[in-house]
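Inside the fold
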Amino acid sequence: MADKEPCREGDDGAMTERRVYAVLTGDLVRSREIKNAYGEECMRRLKETLAEIGKDYVAPFSIFRGDSFQGVSSNPGEALKDAVLLRLKFIAGFDRDNSALRLDARIAVGIGTVRYLPGDGLAGEGDGEAFRLSGLELDAMKKAGRGIIVTTPWEDFNTTLSIFCDVLDRMIDGYTKRQAEAVMLTLEGLTQKEIGDRIGTSQSAVSYRLRGTGYDTIQKIIEWYRLQIREQLD
């Protein structure tokens, strides 16, 4: 579903509607090591992945400090899936045959209102509840070793959500690059046969890669999150 363009006041970008957004803020893990080995290839992959996921965002992903990024979506119910897909795309799409160097990211999602977006639509200078929640969590994630976390204005929801995000982290951290690719394409709606045709292997090989990944659990967590957001907004 494409995002609806937020209402702005004049050219200063001030938001004039009290709707809920998702701000996704992240940074690459071990970026210096990977950049030293791959140079511009690392940044090219980062830009391509962010452009793909954020193509319909009200503020598409912008990159700052070299390896950090931020984007704003007006579809908060899809924010967890977007965060999962970002990590899977980074892991799967970067030199699959080299297991030693693994491109990955920490992603903090803040759900809430957005008070201000610059008139040019860039996320980096925005402000509001969703921005503050996202930025605070990213700083904390580095110390805690987390890969995905989503924080909302609803405390009871956050308690359970944090547990599910920890489950997602443990699952994704254990994937090989080929497993990450198979799970990613499954989450994008492809059948095992279609995945095999896409990556040039058999359906049985895809089934083998998916075995033990718990991809169905990821799908259930994403759907649970989507329904919870819908109930909170209703």
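Residues numbered from 1 in each chain as written. Predicted model: local features only at pLDDT ≥ 70, side-chain atom pairs only at ≥ 80, totals over all residues. Heavy atoms only, no water.

**Some points on the side chain of Thr151**
One can find Thr151 in strand β7 (residues 148–151). Owing to a relative accessible area of 10%, Thr151 belongs among the buried residues under this scheme. A distance of 3.1 Å separates a polar atom in the side chain of Thr151 from a polar atom in the side chain of Glu137. Beyond its immediate chain neighbours, meaning those up to four positions away, Thr151 contacts Val109, Gly110, Ile111, Leu133, Glu137 and Asn158. (Helix = DSSP H or I, 4+ residues; strand = E, 2+ residues; numbered from the N terminus. Buried < 20%, exposed > 50% of the residue type's maximum accessible area, 1.4 Å probe, protein only. Polar contact = N/O pair within 3.5 Å; in protein donor to acceptor, adjacent residues only side chain to side chain. Contact = heavy atoms within 4.5 Å.)

**Some words on the packing of aromatic side chains**
Under the criterion given, the structure shown has seven aromatic pairs. For the ring pair Trp154 and Phe157, a centre distance of 6.5 Å and an interplane angle of 35° mean the geometry is tilted. A relative accessible area of 5% places Phe157 in the buried class. An aromatic cluster is present here, built from Trp154, Phe157, Phe164, Trp224 and Tyr225 joined pairwise through their rings. The ring of Tyr21 has Arg19 sitting right over it, with the charged end atom 5.4 Å from the ring centre. (Phe/Tyr/Trp six-rings, centres within 6.5 Å; stacked < 30°, edge-to-face > 60°. Lys NZ or Arg CZ within 6 Å of the ring centre and 35° of its normal.)

**Observations concerning the environment of Gly135**
Here Gly135 is to be found in helix α4 (residues 129–144). For Gly135, a relative accessible area of 26% gives the class partly exposed.

**Regarding the sheet that holds strand β6 (residues 104–113)**
Taken together, five strands build an open sheet; the order of strands is β4-β5-β3-β6-β7 and the sheet is mixed. What marks the edges here is a single partner per strand, and that holds for β4 (59–64) and β7. Averaged over all pairs of adjacent strands, the angle between their axes in this sheet comes to 15°, without regard to strand direction. For β6 and β7, the ladder comprises four bridges, and the chain directions are parallel. Directly across from Ile107, in β7, lies its bridge partner Ile148. (Pairing = 2+ DSSP bridges. Axes fitted to C-alpha atoms, helices over the stretch in contact; angles between N-to-C directions.)

**What about the pairing of β6?**
By the criterion of burial, β6 is predominantly enclosed, with ten of the ten residues buried. Note: strand β3 (residues 20–29) against β6, ten bridges, orientation antiparallel. The residue of β6 that forms the bridge with Leu24 is Val109.

**What about the packing of helix α7 (residues 192–199) against helix α8 (residues 203–210)?**
Put simply, α7 and α8 touch, their axes get as near as 8 Å, and they point 105° apart. Our classification of the angle between α7 and α8 gives roughly perpendicular. In this structure, α7 contributes Gln192, Lys193, Ile195, Gly196 and Ile199 to the contact, and α8 contributes Gln203, Val206, Ser207, Arg209 and Leu210. For the contact of α7 with α8, the class distribution of residues is four nonpolar, four polar and two charged. (Parallel < 35°, antiparallel > 145°, perpendicular 65-115°, else oblique. Nonpolar A, V, L, I, M, F, W, Y, C, P; charged D, E, K, R; others polar.)

**Here we look at α4**
Between its first and last C-alpha atoms α4 spans 22 Å; for 16 residues at 1.5 Å apiece the expected length is 22 Å, and the two agree. Those residues of α4 lying buried are Ala130, Phe131, Ser134, Leu138 and Met141. Tucked into the core, α4 has its buried residues touching β3, β5 (68–73), β6 and β7. Following α4 by one or two positions, Gly145 has its phi on the positive side, about 70°. (Expected span 1.5 Å × (residues − 1).)

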